[in-house]
Amino acid sequence: SVVKSNINSNVRALIKNYLIYLDEINNENAFTEEGKIKLANGIDKYFSALIELYPNANYSGMKNKAELMLKKAESEKIKSSLNKLIKLIDSKKEKETE
């Protein structure tokens, strides 16, 4: 249906915007320690909310970006948040294949 198509298109746009947030990890050195914690908390809070809200969306691009940023990140807090995000995406994939 048109409505379903529009929702899927909007979710894809939303996911792309979230990828821009992950790109901020490239500028990690510009953040204070408090800023890095806020960045990590944003990943924990908003990314998990998005995935819970739209569990069947395609998050493969987000997972790839998170894995890439995991290699670049220096902050343990950010790395931890990225690892949690990757695990959450993987857990959704496992449910799809059950």
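A brief structural summary. Just so it is clear, the model here is predicted, and its values are computed rather than measured. (Residues numbered from 1 in each chain as written. Predicted model: local features only at pLDDT ≥ 70, side-chain atom pairs only at ≥ 80, totals over all residues. Heavy atoms only, no water.)

This brings us to the packing of helix 1 (residues 2-23) against helix 2 (residues 33-53). In contact at an axis separation of 11 Å, helix 1 and helix 2 are set at 165° when each is read in the N-to-C sense. Between helix 1 and helix 2, the interaxial angle falls into the category roughly antiparallel. Judged by the twist between their axes, the crossing of helix 1 over helix 2 is left-handed. Taking contact as the criterion, the partners of L14, I15, Y18, Y21 and L22 in helix 1 are, on helix 2, K38, L39, G42, I43, Y46, F47 and L50. Of the residues in the contact of helix 1 with helix 2, the class split is 10 nonpolar, 1 polar and 1 charged. (Axes fitted to C-alpha atoms, helices over the stretch in contact; angles between N-to-C directions. Helix = DSSP H or I, 4+ residues; strand = E, 2+ residues; numbered from the N terminus. Parallel < 35°, antiparallel > 145°, perpendicular 65-115°, else oblique. Left-handed = near helix turned anticlockwise from the far one by under 90°. Contact = heavy atoms within 4.5 Å. Nonpolar A, V, L, I, M, F, W, Y, C, P; charged D, E, K, R; others polar.)

Ranked by size, the top nonpolar core spans 24 residues in total, and within it L22, I25, Y59, M62, L82 and L85 carry the most contacts. Breaking this core down by element, the ones donating at least two residues are helix 1, helix 2, helix 3 (60-72) and helix 4 (76-97). Dropping the residues within four chain positions of it, L22 is found in contact with I43, F47, M62, K65, A66, M69, L82 and L85. (Core = buried A, V, L, I, M, F, W, Y, C linked by side-chain atoms within 4.5 Å. Buried < 20%, exposed > 50% of the residue type's maximum accessible area, 1.4 Å probe, protein only.)

Let us now look at the side chain of S81. Along the chain, the position of S81 falls in helix 4. Other than its neighbours up to four places away in sequence, S81 contacts A40, I43 and D44.

Bringing the layout of surface pockets into the picture now. The volume enclosed by the largest pocket comes to roughly 170 Å³. Lining the largest pocket, in full, are I7, N8, V11, R12, L53, Y54, P55, N56, A57 and N58. Looking at which element gives the most residues to the lining of the largest pocket, the answer is helix 1, with 4 residues. Residue composition of the lining of the largest pocket, by class: 6 nonpolar, 3 polar and 1 charged. (1 Å grid on protein atoms, 1.4 Å probe; cavity = no way out; pocket = protein on both sides within 12 Å on 5 of 7 lines; lining within 4 Å. Points joined across faces, edges and corners; volume = space filled by probe spheres on them.)

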